[in-house]
Amino acid sequence: MIQLLTPTYWKDYELIDCGDFEKLERFGNIILIRPEPQAVWSKNLSTAEWQKLHHIKFKGRSATAGDWIKKDSKTPDRWHVEYTNNDISIKFRLALTSFKHLGIFPEQAVNWDYISNHIKGFSTPSPKVLNLFAYTGGASLAARAAGADITHVDSIKQVVTWANENQELSGLKDIRWMVEDALKFVKREVKRGKKYNGIILDPPAYGNGPNGEKWKLEDNINEMMSDVIQLLDTEEHFLILNTYSLGFSSVIIENLIKNAYPSVQNLEIGELYLQATAGSKLPLGVFGKFYKNKKR
């Protein structure tokens, strides 16, 4: 059964509308217009309503860069949002980057809920969790806030620094930061015989390691899955594989996981989306996840 999942606990985020290759979103008290290649349908709200509601709009200059256009120059370039579910409360610093991102992917809250719920349910004290391609640390914060011993791996030093700011903002400490190529790091951990109770992967379609290593999702993900399965604690574990690539389906994710781990238990696959207040659903990636718990 393929699941369709959307976050349910967000108060500081709202997808107001999407369409015509754009999305209208509220982060805290600030409303932005950003490009959205998946939104091929028409907007539900009028252009006049979009213009009235938004504070900042991103205007692209190239495929990878652009400018933020503010209606009021006093609107801040940086601000904070908070995410709270039944188990955790975490905070993020948001910032207007030149490549349209803000430092958070709100649909990932579905995975944060899964992470915090399973860590809270484990018998293992201070379960060890590995977050790969970890970006600004949403999943790392969720795991740490739930009581895990977390190792955070990303190849870009600036975003690891950003993640550390989010840790401090959330009142957390002792996340282990690694500026590393994810695949190389995993292979070293396998050689060391390391084990983790939780592994989180949110790989990009394309990426580069700190020493010029090349990552291409369809070329490298099968090797990565074969390696990370060897790092899972056999008695109690969870794993999340999340991808945002137009060429990937949840069935591909299912095949990857079952091929790497034939004895997998409690496997779920599906698609993440954000529900717009104006009515449309915005698809934002596919996932596979599974767990093994001594209590369940």
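It should be emphasised that the depicted structure is a prediction, and the values quoted were computed from it without experimental measurement.

Notes on the overall build of the chain
Piece 1. In terms of helices and strands, the chain carries 7 helices and 17 strands.
Piece 2. Here the C-alpha atoms of the chain give a radius of gyration of 19 Å, agreeing with the 19 Å that 2.2 N^0.38 yields for 296 residues.
Piece 3. Along the longest, intermediate and shortest principal axes, the C-alpha atoms of the chain span 55 × 40 × 40 Å.
Piece 4. Here the chain holds 296 residues, and the buried ones make up 52% of them.
Piece 5. A sequence separation of at least 24 residues applies to 63% of the contacts in the chain between residues at least 6 apart.
Piece 6. Approximately 13,600 Å² of the chain is accessible, and the part contributed by carbon and sulfur atoms is 50%.
Piece 7. In the chain, 38 side chains carry a positive charge and 35 a negative one; their mean positions are 3 Å apart.

So, the sheet that holds strand 6 (residues 66–70)
Strand-to-strand pairing in sheets goes through backbone hydrogen bonds, with the strands running parallel or antiparallel.
Piece 1. Strand order in the open sheet formed by 5 strands is 2-3-4-5-6, with mixed pairing between adjacent strands. Two strands in the sheet have a free side with no partner beyond their single neighbour: strand 2 (13–19) and strand 6. The average angle at which neighbouring strand axes cross in this sheet is 20 degrees, direction not considered.
Piece 2. The pairing of strand 3 (residues 22–27) with strand 4 (residues 30–35) spans 6 bridges and is antiparallel. Residue pairing for strand 4: Leu 24 is matched across the bridge by Ile 33.

Focus: the packing of aromatic side chains
Piece 1. Using the criterion set out here, one finds 12 aromatic pairs in the structure.
Piece 2. Ring centres of Tyr 114 and Phe 238 lie 6.3 Å apart, and the angle between their planes is 85 degrees; on these two criteria the pair is classed as edge-to-face. Note that Tyr 114 is positioned in helix 2 (residues 109–121) and Phe 238 in strand 15 (residues 237–243), a separation of 124 residues in sequence. One exposure class covers both Tyr 114 and Phe 238, and it is buried.
Piece 3. Connected via pairs of aromatic rings, a cluster forms that spans Trp 10, Tyr 13, Phe 27, Tyr 83, Phe 92 and Trp 112.
Piece 4. The side chain of Lys 43 reaches across the aromatic face of Trp 50, ending 4.1 Å from its centre.
Piece 5. Over the face of the ring belonging to Phe 287 we find Lys 289, whose NZ or CZ atom lies 4.9 Å from the ring centre.

Quick word on the sheet that holds strand 1 (residues 2–5)
Piece 1. The strand order across the open sheet formed by 8 strands is 1-16-17-15-12-9-10-11, and the pairing between neighbours is mixed. The sheet is open, and its two edges are formed by strand 1 and strand 11 (176–179), each paired on a single side. Across this sheet, the average inter-strand angle for adjacent strands is 20 degrees, counted without regard to direction.
Piece 2. By the bridge criterion, 7 bridges tie strand 15 to strand 17 (residues 281–292) in an arrangement that is antiparallel. Among the inter-strand pairings, Leu 241 is bridged to a residue of strand 17, identified as Gly 288.
Piece 3. Relative to the sheet, helix 4 (residues 157–169) contacts strand 10 (149–154) and strand 11, its axis offset from that of strand 11 by approximately 165 degrees.

A short note on the pattern of salt bridges
Piece 1. Here the structure, examined in full by the defined rule, presents 18 salt bridges.
Piece 2. As a salt-bridge pair, Arg 61 and Asp 67 come within 2.8 Å of each other at their nearest N and O atoms.
Piece 3. The exposure class assigned to Arg 61 is exposed, which follows from its relative accessible area of 56%.
Piece 4. Look at Asp 67 and you get partly exposed, because its relative accessible area is 33%.
Piece 5. Between Lys 216 and Glu 218 there is a salt bridge, and its shortest N-O distance comes to 4.0 Å.
Piece 6. Lys 216 sits in the partly exposed class, given a relative accessible area of 30%.
Piece 7. A relative accessible area of 43% means that Glu 218 is categorised as partly exposed.

Things to note about the packing of helix 5 (residues 182–192) against helix 6 (residues 217–229)
Relative orientation and spacing of two packed helices are given, respectively, by the angle between their axes and the distance between those axes.
Piece 1. One can describe the packing of helix 5 onto helix 6 by two numbers: an axis separation of 9 Å at closest approach and a directional angle of 25 degrees. If you check the angle between helix 5 and helix 6, you find them roughly parallel. Taken as a pair, helix 5 and helix 6 cross one another with a handedness that is left-handed. Here Ala 182, Leu 183, Val 186, Lys 187 and Val 190 of helix 5 lie close against helix 6, whose contacting residues are Asn 220, Glu 223, Met 224, Asp 227 and Val 228.

Cut-off values and rules
Residues numbered from 1 in each chain as written. Predicted model: local features only at pLDDT ≥ 70, side-chain atom pairs only at ≥ 80, totals over all residues. Heavy atoms only, no water. Helix = DSSP H or I, 4+ residues; strand = E, 2+ residues; numbered from the N terminus. Rg over C-alpha atoms; globule rule 2.2 N^0.38 Å. Buried < 20%, exposed > 50% of the residue type's maximum accessible area, 1.4 Å probe, protein only. Contact = heavy atoms within 4.5 Å. Areas by Shrake-Rupley, 256 points an atom, 1.4 Å probe, with all protein chains shown as cover. Lys, Arg positive; Asp, Glu negative; His and termini not counted. Charge placed at Lys NZ, Arg CZ, Asp CG, Glu CD. Pairing = 2+ DSSP bridges. Axes fitted to C-alpha atoms, helices over the stretch in contact; angles between N-to-C directions. Phe/Tyr/Trp six-rings, centres within 6.5 Å; stacked < 30°, edge-to-face > 60°. Lys NZ or Arg CZ within 6 Å of the ring centre and 35° of its normal. Salt bridge = Lys/Arg side-chain N within 4 Å of Asp/Glu carboxyl O. Parallel < 35°, antiparallel > 145°, perpendicular 65-115°, else oblique. Left-handed = near helix turned anticlockwise from the far one by under 90°.

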